Amino acid sequence: MDHFELRNGELYAEDVPLARIAAEVGTPVYVYSRATLERHARVFREALEGLGRVHLAFAVKANPNLAVLRVLARAEYGADIVSGGEMARALAAGMAADDIVFSGVGKTPAELAQGLDAGVGQFNLEHEEEGHVLSALAHARGQRASATLRVNPDVDAGTHEKISTGKADNKFGVPIDQAPAMYARLAALPGLRMRGVACHIGSQLSSVAPLEAAYARIGKLIADLRAAGHAVDRADLGGGLGVRYRPGEVVPWPADLGEMVARVTSGWNVELMFEPGRVIAGNAGVLLTRVIWVKPGVTHPYVIVDAAMNDLARPALYGAYHHFEAVHPSGERMTAHIAGPVCETGDTFAMNREIDRVGSGDLAIFRTAGAYGATMASTYNSRSLVPEVMVDGDRFAVVADRIGADTIMNAERVPEWLAD
Ligand SMILES: *Cc1c(COP(=O)(O)O)cnc(C)c1O
């Protein structure tokens, strides 16, 4: 459920007409609903009640905006981070270092050191050498770093190949059959305190079945590790729950995840950790855009909007669907292609889509843009970096400025030897 709804024929974010935001901030602009974020955070937490010790870490890469992270910090979420930059954001948003999980296949030694110095609560190791380096860094600081070993359970997440992470040949984690021996070597290092195992098999999962298959393998691994004499007190089960992008699309609910996890992990006797991203933020944001032109096409007209692939990359990157709606729908419909101004054919949001009838100058939204939206934005074609707004009841605030091409250009230099 979200708080972007029609009222008297006009789309609102909570109690704020989207047209007001467009008038005051301009377009394109991301609009987040605080109430929706809080609701999703609460529903996800409630779905896991009764599982004993549970740690929730929001996957910062889904939406790293400081105000979004602040809402989640207040909802008592920690952070799942994949870079030093994300760590700085989580800390700045008020998340406790101890509640931060450092994931990522390419953490640099400098980032590992940064994590140790900040007191990050857990490092999810992606391979053995990383564990040796972390141990040495921690030992030199007189610390023992809490760590898990990320395993690749070799299950097909059944999602888009570019967001699938748990097949044997993906770059993430270590092969599960090599995990016991590797775990033993890591557990013997002086600077590590091995806590357990982690997995994350992919994103936008349309069923919990692949997760169940992965967790069953994790359960077996935990039993094997304990049989070998290791203490295991944490299992990080990752993120990945899908959200509804298309009207009527069937996706698992957090409650389905909770029910499955309760069944599969019964008797594990560990702290269960989760790293939800999309399911928290996806439907808590829209990308508000203005139609520049409706250009006649050969089959259908092209609706050219002022948002583009640099603002919302998912359609160009994964062929992703984002639902398009007029802010002031007339009730009439049209079939059209929807594209942005960037000079790439890939800058197309939809082809042959039946949509609300729109004309030049009309406002519209792309829904479900709160996750993997603004965070992937670029300035390609020397466009501005898209701004972000958060709505809270009948008020709103700009939570990220529009950064213009001039500001970007001011960070560039022509060297002296090219000056004349
Ligand atoms: C991306 C990612 C997540 C979040 O995935 P969602 O599908 O957004 O829930 C969680 N854990 C790790 C390690 C990730 O890379």
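Residues numbered from 1 in each chain as written. Predicted model: local features only at pLDDT ≥ 70, side-chain atom pairs only at ≥ 80, totals over all residues. Heavy atoms only, no water.

## Topic: the packing of aromatic side chains
For step 1, the next point in the chain: Under the counting rule described, the total for this entry stands at five aromatic pairs.
For step 2, the next point in the chain: Relative to Phe-274, the ring of Phe-44 lies with its centre 6.3 Å away and its plane at 75 degrees, an arrangement referred to as edge-to-face. Pair noted here: Phe-44 is in helix H2 (residues 34-47) and Phe-274 is in strand S13 (residues 271-274), with a separation of 230 residues, a long-range link. Judged on exposure class, the residue Phe-44 and its partner Phe-274 are both buried.
For step 3, the next point in the chain: Aromatic side chains Phe-102 and Phe-123 sit 6.1 Å apart centroid to centroid with 25 degrees between the ring planes, which places their arrangement in the stacked category. One end of the pair, Phe-102, is in strand S7 (residues 100-102); the other, Phe-123, is in strand S8 (residues 122-125), with 21 residues separating them in the sequence. (Phe/Tyr/Trp six-rings, centres within 6.5 Å; stacked < 30°, edge-to-face > 60°. Helix = DSSP H or I, 4+ residues; strand = E, 2+ residues; numbered from the N terminus. Buried < 20%, exposed > 50% of the residue type's maximum accessible area, 1.4 Å probe, protein only.)

## Some points on a nonpolar patch on the surface
For step 1, the next point in the chain: A cluster of nonpolar side chains, namely Val-414, Trp-417 and Leu-418, defines an oily patch on the protein surface of about 410 Å² accessible area.
For step 2, the next point in the chain: Here Leu-418 shows up in the segment after helix H12 (405-410).
For step 3, the next point in the chain: Overall, Leu-418 belongs to the exposed group, its relative accessible area being 51%. (Patch = residues over 30% accessible without salt bridge, like charges linked within 9 Å, V, L, I, M, F, W, Y side chains within 5 Å. Areas by Shrake-Rupley, 256 points an atom, 1.4 Å probe, with all protein chains shown as cover. Salt bridge = Lys/Arg side-chain N within 4 Å of Asp/Glu carboxyl O.)

## What about the pairing of strand S15 (residues 302-305)?
For step 1, the next point in the chain: Alignment of strand S14 (residues 285-295) against S15, held across four bridges, turns out to be antiparallel. When the bridges of S15 are listed, Val-291 appears paired with Val-305.
For step 2, the next point in the chain: In textbook terms, the turn of a hairpin is the stretch between consecutive antiparallel strands, and for S14 and S15 this stretch comprises six residues.
For step 3, the next point in the chain: Note that S15 and strand S17 (residues 333-339) share three bridges and pair parallel. Pairing of Ile-304 across the sheet is with Ala-339, part of S17. (Pairing = 2+ DSSP bridges.)

## Some remarks on the nonpolar core
For step 1, the next point in the chain: By size, the foremost hydrophobic cluster in this structure holds 101 residues, and its most contacted members are Phe-44, Tyr-215, Trp-268 and Phe-274.
For step 2, the next point in the chain: The element best represented in this core is helix H8 (residues 209-227), accounting for seven residues.
For step 3, the next point in the chain: Taken domain by domain, the makeup of this core includes at least three residues from each of domain 1 (4-32 + 282-409) and domain 2 (104-274).
For step 4, the next point in the chain: In contact with Trp-268, not counting residues within four places along its chain, are Tyr-215, Ile-218, Gly-219, Ile-222, Arg-226, Ala-235 and Leu-237.
For step 5, the next point in the chain: Of all hydrophobic cores here, the second largest spans 17 residues; its members include Phe-4, Val-31, Leu-363 and Phe-396. (Core = buried A, V, L, I, M, F, W, Y, C linked by side-chain atoms within 4.5 Å. Domains from an automatic or database assignment. Contact = heavy atoms within 4.5 Å.)

## Observations concerning the UniProt feature "active site" (unreviewed entry) in the protein chain
For step 1, the next point in the chain: Annotation from UniProt places "active site" (unreviewed entry) at Cys-343.
For step 2, the next point in the chain: Following the sequence through the fold, Cys-343 ends up in the loop between S17 and strand S18 (348-356).
For step 3, the next point in the chain: Here Cys-343 falls in the exposed class, since its relative accessible area comes to 69%.
For step 4, the next point in the chain: With sequence-adjacent residues up to four places away left out, Cys-343 is seen in contact with Tyr-380 and Asn-381. (UniProt positions renumbered as here; feature names shortened; annotations may be inferred.)

## Let's talk about the domain arrangement of the protein chain
For step 1, the next point in the chain: Partitioning the protein chain into structural domains gives domain 1 (4-32 + 282-409) and domain 2 (104-274).
For step 2, the next point in the chain: For domain 1 and domain 2, the distance between their C-alpha centroids amounts to 35 Å.
For step 3, the next point in the chain: In this complex, domain 1 contributes nine residues to the contact, which on the side of domain 2 involves nine residues.
For step 4, the next point in the chain: A buried area of about 870 Å², summed over both sides, lies between domain 1 and domain 2, and 58% of it is on carbon and sulfur atoms.
For step 5, the next point in the chain: Sorting the residues of domain 1 by area buried against domain 2 places Tyr-318, Tyr-321 and Thr-368 first, and these three jointly supply 56% of that buried surface. (Buried area = accessible area lost by both parts, 1.4 Å probe.)

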